[in-house]
Amino acid sequence: MKRIMYISTTTSKLSDAEVEEIGRKSTFNNAKVGVTGILLSAHEFFFQILEGREEDVDQVLERIRRDIRHEGVLILKAEHDVKQRLFGNWSMKTVRLDGISDVLIQAIRIMLENITESHRIIERYTQPAVLQFMTEGINPLTVPVMKREQIILFSDIVAFSHLSGLFPVEEVAALVNLFLDTCSRKIVAHGGQVTKYVGDCVVAHFPPDKSDQALHACLETLREIKVLRQSAGECRLQRFLYCGFGLSKGPVIEGNIGSSIKMDYTVLGDIVNLAARLESLTREIGKAIAISESVRDACCEAWEFVRAGEFQLKGQSTSQPIYTITDPLVDDIKTYQAILLEAGQGNCDLPVK
Ligand SMILES: Cc1cc2nc3c(=O)[nH]c(=O)nc-3n(C[C@H](O)[C@H](O)[C@H](O)COP(=O)(O)O)c2cc1C
């Protein structure tokens, strides 16, 4: 049997009658498939435990996830091979905690509210891969390090360190957030995972059969930041938002790397270094995307690949052919000198020489 425990947040204030109706329906549906558990509600959150046959629990959870009365379903714990039910007598006991004045119940409500709040915060700081393991009932700390084929994506803002000194701190931070958000949304939408952020740099990985999707993520980001530039005010930092992408493919070491102070679930190796070098090369070749031969070879769609040249990149033992694609968006990149020149012109009064 399987047992899962999750928290979620209501999308609007629910009346007692509405919570009762959820409980009534849950009891009825769960009884049919032998799923048991408990549903606690208080103010704006739900806490639920579901237990039963693996496929039945998964099906009920699938329906619950789609319910628009709540959002942000976060699995706190998933257990497999459960031998004994904790709530065998209840196909779904529903309790509204804030309707009970008992001091002990109120203490439990406060405790659950605090747990919910701290999990929501931790969730924002946690790598998606780690959350995914927890959703599947796997303790991320026990996952062994492995070597596997991945596509690595590197991206960052052109001339960022130069530009960041010219604008107010708030505007610099807002631009980095905007860029990281745009890029990350495209990566996730195309089946990739954000590995980490290093300043204004995004590191992500895609499964080895998703070269086309990785390229689409790059192009869509370029399209969106072009709109962001065009919609920015006259002397705003956002007006100078350009970025480059490096894509490489090969075996990487993936897993828990860190210390007793902080753990990262990350990727390491020569291929990761290559993606970073390719990203730097975008400035040199004047194209916003630079890819290795292995990425080009793994693409299935009819891209117009162009050989940008043969390069001996730092950290690489031999020189290798580097490719880009023909697309106006890929040509839409500037050198940092050109960006700074543009920033210094007009009425902006920026201290650029
Ligand atoms: C917090 C929450 C918990 C729920 N728990 C269950 C549940 O345990 N079982 C269930 O069948 N539906 C549950 N529901 C309701 C489902 O989301 C969905 O509305 C219902 O299963 C649809 O049933 P129907 O197809 O019979 O109309 C829950 C909804 C919410 C908001």
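From a predicted model like this one, the values you see are computed outputs, not experimental measurements.

What follows deals with the overall build of the protein. Regarding its fold elements, the protein presents 11 helices and 13 strands. C-alpha extents for the protein along the principal axes are approximately 70 × 45 × 40 Å. A burial count over the protein gives 31% of its 353 residues as buried. Pairs at least 24 apart in sequence give 71% of the contacts found in the protein among residues at least 6 apart.

A few words on the site of the ligand. Inspection of the region around the ligand gives 17 residues, with Ser26, Asn29, Phe46, Arg63 and Asp67 positioned closest. Sorting the residues of the shell around the ligand by element identifies helix H1 (16-33), strand E3 (45-52) and helix H2 (54-66) as the ones contributing at least two each. Sort the elements by how many residues they give to the shell around the ligand and H1 lands first, with 5 residues. The residue inventory of the shell around the ligand, partitioned by class, reads 7 nonpolar, 6 polar and 4 charged.

What follows deals with the pairing of strand E10 (residues 263-268). Here strand E9 (residues 243-258) pairs with E10 via 6 bridges, running antiparallel. Along E10, the bridge assignment pairs Glu254 with Val267. Turn length for the E9-E10 hairpin, with the two strands adjacent in sequence and antiparallel, is 4 residues.

Right, let's get into the nonpolar core. Ile152, Leu153, Ala214, Leu247, Ala275 and Ile289 are the most contacted members of the largest nonpolar core, which totals 52 residues. Leaving out residues up to four positions away in the same chain, Ile152 has contacts with His205, Ser248, Val252, Val267, Ile271, Val272 and Ala275. The next biggest cluster of nonpolar side chains, apart from the first, holds 14 residues, and it includes Tyr6, Ile7, Phe45 and Phe46.

In this section: unusual backbone geometry. Backbone geometry places His43, a non-glycine residue, at a positive phi of 40°. The topology assignment puts His43 in the loop between strand E2 (36-42) and E3. Located in the positive-phi region is Ala159, a residue other than glycine, with phi close to 60°. Position of Ala159 relative to the elements: it lies in the loop between strand E6 (146-157) and helix H5 (160-164).

Across the sheet, which stays open at both edges, the 5 strands sit in the order E4-E1-E3-E2-E5 with mixed pairing between neighbours. The open sheet has two edge strands, strand E4 (70-79) and strand E5 (93-96), and neither has a second partner. Strand-to-strand twist in this sheet, taken as the mean axis angle between neighbours without regard to direction, amounts to 15°. Across 7 bridges, strand E1 (residues 2-10) lies against E4 in antiparallel orientation.

Time to look at H1. An ideal rise of 1.5 Å per residue puts 26 Å on 18 residues; H1 measures up with 26 Å between its terminal C-alpha atoms. All of the buried residues in H1 are Ile22, Ser26 and Asn30. Buried positions in H1, seen along its axis, are confined to an arc of 45° and lie on one side of it. Turned more than 90 degrees from where H1 packs its buried face, Asp16, Ala17, Arg24, Lys25, Phe28 and Lys32 sit exposed. Along its buried surface, H1 packs onto E2, H2 and E5. After H1 finishes, the residue Gly34 shows a positive phi value of roughly 70°.

Now for the confidence of the model for the protein. Predicted confidence across the protein gives a mean pLDDT of 92, with 98% of residues reaching 70 or more. Model confidence for the protein, summarised as mean pLDDT per element, is weakest for helix H11 (residues 336-344) at 80 and strongest for strand E11 (residues 289-292) at 98.

On to the environment of Thr126, then. Looking at where Thr126 falls in the secondary structure, it is placed in the loop between helix H3 (103-125) and helix H4 (128-135). Here Thr126 falls in the partly exposed class, since 14 other C-beta atoms lie within 10 Å of it. Sequence separation between Thr126 and Gly88 is 38 residues; the distance between their C-alpha atoms is 34 Å.

The next point concerns the pairing of E6. Sheet topology note: the E6/E9 ladder contains 12 bridges and is antiparallel. Pairing of Gln150 across the sheet is with Gly250, part of E9. The sheet contact formed by E6 and strand E8 (residues 201-206) spans 5 bridges and is antiparallel. Residue pairing in the sheet places Ile152 in a bridge with His205 of E8.

Looking now at the environment of Leu74. Topologically, Leu74 is positioned in strand E4. Its 17 C-beta neighbours within 10 Å are what place Leu74 among the partly exposed residues. Setting aside anything within four residues of it in sequence, one finds Leu74 in contact with Tyr6, Ile7, His119 and Glu123.

Tracing the chain through its elements places Ser211 in helix H7 (residues 211-231). According to the C-beta neighbour criterion, Ser211 is buried, with 23 such atoms within 10 Å.

Running from N to C, helix H6 (residues 169-189) and H7 point in directions that differ by 145°, and their axes come no closer than 8 Å. Handedness of the crossing formed by H6 with H7: right-handed. Contacts between H6 and H7 involve Leu178, Thr182, Cys183, Lys186 and Ile187 from the first element and Ala217, Glu220, Thr221, Glu224, Ile225 and Leu228 from the second. The residue makeup of the contact of H6 with H7, split by class, is 6 nonpolar, 2 polar and 3 charged.

Criteria and cut-off values
Residues numbered from 1 in each chain as written. Predicted model: local features only at pLDDT ≥ 70, side-chain atom pairs only at ≥ 80, totals over all residues. Helix = DSSP H or I, 4+ residues; strand = E, 2+ residues; numbered from the N terminus. Buried ≥ 20, exposed ≤ 12 C-beta atoms within 10 Å, placed from the backbone. Contact = placed C-beta atoms within 7 Å. Near = placed C-beta within 6 Å. Nonpolar A, V, L, I, M, F, W, Y, C, P; charged D, E, K, R; others polar. Pairing = 2+ DSSP bridges. Core = buried A, V, L, I, M, F, W, Y, C linked by C-beta atoms within 7 Å. Axes fitted to C-alpha atoms, helices over the stretch in contact; angles between N-to-C directions. Expected span 1.5 Å × (residues − 1). Arc of directions from axis to C-beta. pLDDT = per-residue confidence, 0-100. Left-handed = near helix turned anticlockwise from the far one by under 90°.

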